[in-house]
Amino acid sequence: MLPRSGDVLHVTRAASVQFAEPLLFRVIRVHDWPTYDGWIWLDGYELNAAGDAVERRSIFVQVSGLRQVHPSAELRPRTLRRAGTMSAAVPVRAG
């Protein structure tokens, strides 16, 4: 199965020998460039353990070596706001 935009992947040496140290990768785009059978180019972001994007990258990997992990929303919970609410302003003292 091809990854899709928004998927979070665990990329290891199984995907390519260049990934001796595994990484988490959030897919932005899957290129349709001609490559070797079973290989693809992906654009996306390398993620840290908290799910924050730390570096934008393009990677060349074997599809069979990719493992999908939980969606990025499950890596780091989002703060939900109710419509019409604002956080309280902190007054600034003139000095």
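Residues numbered from 1 in each chain as written. Predicted model: local features only at pLDDT ≥ 70, side-chain atom pairs only at ≥ 80, totals over all residues. Heavy atoms only, no water.

Got a minute to help me understand the pattern of salt bridges in this structure?
When their charged atoms lie close together, side chains carrying opposite charge are able to pair. Per the counting criterion, the structure on display carries 2 salt bridges. One salt bridge connects Asp43 with Arg29, and the closest N-O pair in it is separated by 3.1 Å. With Asp43 in strand S3 (residues 39-47) and Arg29 in strand S2 (residues 23-30), the pair connects residues that are 14 residues apart, well separated along the chain. Taking relative accessible area as the criterion, Asp43 reaches 7% and is therefore assigned buried. With a shortest N-O distance of 3.1 Å, Arg57 and Glu46 are connected by a salt bridge. Remark: Glu46 occurs in strand S3 and Arg57 occurs in strand S4 (residues 53-62); sequence separation between them is 11 residues. For Arg57, a relative accessible area of 25% puts it in the partly exposed group. (Salt bridge = Lys/Arg side-chain N within 4 Å of Asp/Glu carboxyl O. Helix = DSSP H or I, 4+ residues; strand = E, 2+ residues; numbered from the N terminus. Buried < 20%, exposed > 50% of the residue type's maximum accessible area, 1.4 Å probe, protein only.)

How do you make sense of the sheet that holds strand S1 (residues 8-11) when you look at a structure like this?
Either a parallel or an antiparallel arrangement is found when strands of a sheet pair, and the pairing is made through backbone hydrogen bonds. Read from one edge to the other, the open sheet built from 5 strands follows the order S4-S3-S2-S1-S5, with strand pairing classed as antiparallel. With one partner strand each, in any of the chains shown, S4 and strand S5 (67-68) form the two edges of the open sheet. In this sheet, S2 lies alongside S1 in antiparallel orientation, the contact comprising 4 bridges. Its bridge partner lying in S2, Leu9 is registered against Phe25. (Pairing = 2+ DSSP bridges.)

What exactly am I supposed to notice about the environment of Gly38 here?
Mapped onto the fold, Gly38 is located in the loop between S2 and S3. Residues Gly38 and Gly65, spaced 27 residues apart in sequence, show a C-alpha to C-alpha distance of 9.7 Å.

So what exactly am I meant to see when it comes to the nonpolar core here?
Nonpolar side chains in soluble globular proteins tend to end up buried together. Residues Val11, Phe25, Leu42, Ile59, Val61 and Leu66 are the most contacted members of the largest nonpolar core, which totals 13 residues. Listed by contribution, the elements that provide at least two residues to this core are S1, S2, S3 and S4. At 3 residues, S2 tops the list of elements feeding residues into this core. If near-sequence neighbours (up to four positions away) are discounted, Val61 is found in contact with Val11, Ala15, Phe19, Gly38, Trp39, Ile40, Leu42 and Leu66. (Core = buried A, V, L, I, M, F, W, Y, C linked by side-chain atoms within 4.5 Å. Contact = heavy atoms within 4.5 Å.)

Explain the packing of aromatic side chains here, please?
To describe a pair of aromatic rings, you give the distance between the ring centres and the angle between the ring planes. This structure, assessed with the given rule, holds 3 aromatic pairs. Pairing Trp39 with Phe60 gives two aromatic rings, centres 5.0 Å apart and planes at 25°, and the pair type is stacked. One end of the pair, Trp39, is in strand S3; the other, Phe60, is in strand S4, and 21 residues separate them in sequence. Looking at Trp39, the relative accessible area reads 24%, which means it is partly exposed. Taken together, Trp33, Trp39, Trp41 and Phe60 form an aromatic cluster joined through their ring pairs. (Phe/Tyr/Trp six-rings, centres within 6.5 Å; stacked < 30°, edge-to-face > 60°.)

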